[in-house]
Amino acid sequence: MKAFKSLFKPATPWRIVQTDDKDSYLDSIKKFQLTKDEVQHIRIMLYGPTGSGKSSFINSVERILRDRVTSQALSDSIGGSSFTKKYRTHSIKKDSSSYYPFVFTDVMGLEKERKKGACPEDIALAFKGHVKDGYTVGFLDKCTNPAGIWVYLFLIYFKSVLYFFKICRCNFYGFVLKFNPQTSISPTDPFYNSSPTMNDKTHVLVCVVSASTGHLLGNEHLEKIRDVRLEASDLGIPQIVVLTKIDEACPEVHLNIKKVFTSNIIKKE
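Residues numbered from 1 in each chain as written. Predicted model: local features only at pLDDT ≥ 70, side-chain atom pairs only at ≥ 80, totals over all residues. Heavy atoms only, no water.

*Asks:* Help me out: how do you make sense of the sheet that holds strand β2 (residues 88-93) in this one?
*Replies:* By definition, the strands of a sheet pair up through backbone hydrogen bonds, in either a parallel or an antiparallel sense. Taken in spatial order, the 5 strands of this open sheet run β2-β3-β1-β6-β7, and their pairing is mixed. Every other strand in the sheet has two partners, leaving β2 and β7 (239-244) as the edge strands with one partner each. Here the average twist between neighbouring strands, direction ignored, is 25°. Where β2 meets strand β3 (residues 99-106), 5 bridges bridge the pair, whose relative direction is antiparallel. Note on β3: the bridge partner recorded for Arg-88 is Asp-106. Contacts between helix α3 (residues 54-66) and the sheet are confined to β1 (42-47), β2, β3, β6 (204-210) and β7, with β3 contributing the most and set at about 165° to the helix. (Pairing = 2+ DSSP bridges. Helix = DSSP H or I, 4+ residues; strand = E, 2+ residues; numbered from the N terminus. Axes fitted to C-alpha atoms, helices over the stretch in contact; angles between N-to-C directions. Contact = heavy atoms within 4.5 Å.)

Right under this line is the structure:
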């Protein structure tokens, strides 16, 4: 009889979280102010594997704070590659005339292949404020001039020339080819900030990982994450991890989100 009753005994939470005081949490965030005049906002950078939900996380925070449906950061949960292509800063409106004193920086996702996705070296430079908004952290930035397509095909055909341009940044009559999976942004790049202020630098680093695919990450992914974490540690940047898509990882949580801290599946992730 005792064993039978134990089957229906509620699972013991592996973490105690106060969830009944949401209003006071929101109120403290709305009243939060910075004490240093030279710092306009706290910069929170989000990074992680592609498809982890970095942009969706930003949208979720904005929806909660503004109490309305928003989609400032475009997201895509279907594609296999990173939907975010550029280094972007997202501010959240507090009211009609002001913003919250923190911003989110969204970067291209880390991909398995070394020559794809965000470049860890570029992310490290962004920590120090050397990367401007709009910079593309990826293999091929753009060919805005139709002639650029022909040049790109030309480079592919002549492999020796292609190799040369992989390690350089070259402008051709108004269109730009940027090959930067292994070569970080250079001081001559128009998106390089040579005189960063405290507002340009990263103050908090958030690693966003999907609970449904976190266990599938390979060594390549983990090495990139480790490189980013080590650089942040050297700079003294506080780091946290956000686990997303918990409802997809655990059927029990999918049925009842309140069981997230009693789920062994989530705990292992």
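On we go.
*Asks:* Sorry, what's going on with the packing of aromatic side chains here?
*Replies:* Pairs of aromatic rings are described using the distance from one ring centre to the other and the angle between the two planes. Tallied over the entire structure, the rule returns 5 aromatic pairs. Both rings, one in Phe-57 and one in Phe-104, keep their centres 6.4 Å apart while their planes meet at 90°; by these two values the pair is edge-to-face. Of the two residues, Phe-57 is situated in helix α3 and Phe-104 in strand β3; the sequence distance between them amounts to 47 residues. Under the relative-accessibility criterion, Phe-104 is labelled buried at 5%. When the centroid spacing of 6.3 Å and the interplanar angle of 50° are considered together, the rings of Tyr-135 and Phe-191 count as tilted. Of this pair, Tyr-135 sits in the loop between α4 (120-127) and α5 (146-157) while Phe-191 sits in the loop between β5 (175-178) and β6, placing them 56 residues apart in sequence. For Tyr-135, a relative accessible area of 0% translates into the label buried. (Phe/Tyr/Trp six-rings, centres within 6.5 Å; stacked < 30°, edge-to-face > 60°. Buried < 20%, exposed > 50% of the residue type's maximum accessible area, 1.4 Å probe, protein only.)

*Asks:* Just to check I follow, could you spell out the nonpolar core for this structure?
*Replies:* Note on soluble globular proteins: their nonpolar side chains tend to be buried together. Formed by 22 residues in total, the largest nonpolar core has its most connected members in Met-45, Tyr-47, Tyr-87, Ile-123, Phe-127, Val-131 and Leu-205. For this core, the elements supplying multiple residues, two or more each, are β1, α4, β6 and α7 (219-234). For this core, the element with the highest residue contribution is α4, accounting for 4 residues. Counting 13 residues, the second-largest nonpolar core is a separate cluster that includes Ile-58, Leu-65, Ile-92 and Phe-104. (Core = buried A, V, L, I, M, F, W, Y, C linked by side-chain atoms within 4.5 Å.)

*Asks:* I keep staring at the environment of Gly-51 and nothing clicks. Help me out?
*Replies:* Considering the arrangement of structural elements, one finds Gly-51 in the loop between β1 and α3. Accessibility expressed as a relative area gives 40% for Gly-51, which makes it partly exposed. Taking the C-alpha atoms as reference points, Gly-51 and Gly-109, separated by 58 residues in sequence, lie 7.5 Å from one another.

*Asks:* Whenever I open this one, the side chain of Lys-54 confuses me. Can you help?
*Replies:* The residue Lys-54 is located in helix α3 in this model. Within the buried core, Lys-54 has no salt-bridge partner, and the shortest N-O distance to an opposite charge, that of Asp-106, equals 5.3 Å. Among the polar contacts made by the side chain of Lys-54, one reaches the main-chain carbonyl oxygen of Pro-49 at a distance of 3.4 Å. (Lys, Arg positive; Asp, Glu negative; His and termini not counted. Salt bridge = Lys/Arg side-chain N within 4 Å of Asp/Glu carboxyl O. Polar contact = N/O pair within 3.5 Å; in protein donor to acceptor, adjacent residues only side chain to side chain.)

*Asks:* Explanation requested: the layout of surface pockets in the structure shown.
*Replies:* Over the atoms rolls a probe the size of a water molecule, and in doing so it shows where empty space is left. For the largest pocket, the calculated volume is near 1,800 Å³. Every element with two or more residues in the lining of the largest pocket is listed here: α2 (22-31), α3, β3, β6, β7 and α10 (264-268). Sort the elements by how many residues they give to the lining of the largest pocket and α3 lands first, with 6 residues. Of the residues belonging to the lining of the largest pocket, the class tally is 26 nonpolar, 8 polar and 6 charged. (1 Å grid on protein atoms, 1.4 Å probe; cavity = no way out; pocket = protein on both sides within 12 Å on 5 of 7 lines; lining within 4 Å. Points joined across faces, edges and corners; volume = space filled by probe spheres on them. Nonpolar A, V, L, I, M, F, W, Y, C, P; charged D, E, K, R; others polar.)

*Asks:* Hey, could you run me through α7 in this one?
*Replies:* In an α-helix there are 3.6 residues to a turn, and that puts residues three or four apart on one side. The terminal C-alpha atoms of α7 lie 22 Å apart, and with 16 residues this matches the ideal 22 Å at 1.5 Å per residue to within 8%. Among the residues making up α7, those that are buried are His-221, Lys-224, Ile-225, Val-228 and Ala-232. Along the axis of α7, the buried positions cluster into a sector of 95°, meaning they face one direction only. Opposite the buried face of α7, by more than 90 degrees, sit the exposed residues Asn-219, Arg-226 and Asp-234. (Expected span 1.5 Å × (residues − 1). Arc of directions from axis to C-beta.)

*Asks:* Is there a simple way to explain the confidence of the model for the protein chain in this structure?
*Replies:* In low-pLDDT segments, the atomic positions of the prediction should not be examined closely. In this model, the protein chain carries an average pLDDT of 76, and 72% of its residues clear a pLDDT of 70 or more. Between the elements of the protein chain, mean pLDDT differs from a low of 36, seen in β5, to a high of 94, seen in β1. pLDDT under 50 marks residues 1-8. Its contacts with residues more than four places away, or in other chains, come to 0 contacts. Note on residues 78-82: pLDDT is under 50 here. Beyond four places in sequence and across chains, it has 7 contacts. (pLDDT = per-residue confidence, 0-100.)

*Asks:* What should I look at first to understand the environment of Ile-240 in this one?
*Replies:* Along the polypeptide, Ile-240 turns up in strand β7. For Ile-240, a relative accessible area of 47% gives the class partly exposed. Through-space distance from the C-alpha of Ile-240 to that of Val-204 is 8.1 Å; in sequence the pair is 36 residues apart. Beyond its immediate sequence surroundings of up to four residues, Ile-240 is in contact with Leu-205, Val-206 and Cys-207.

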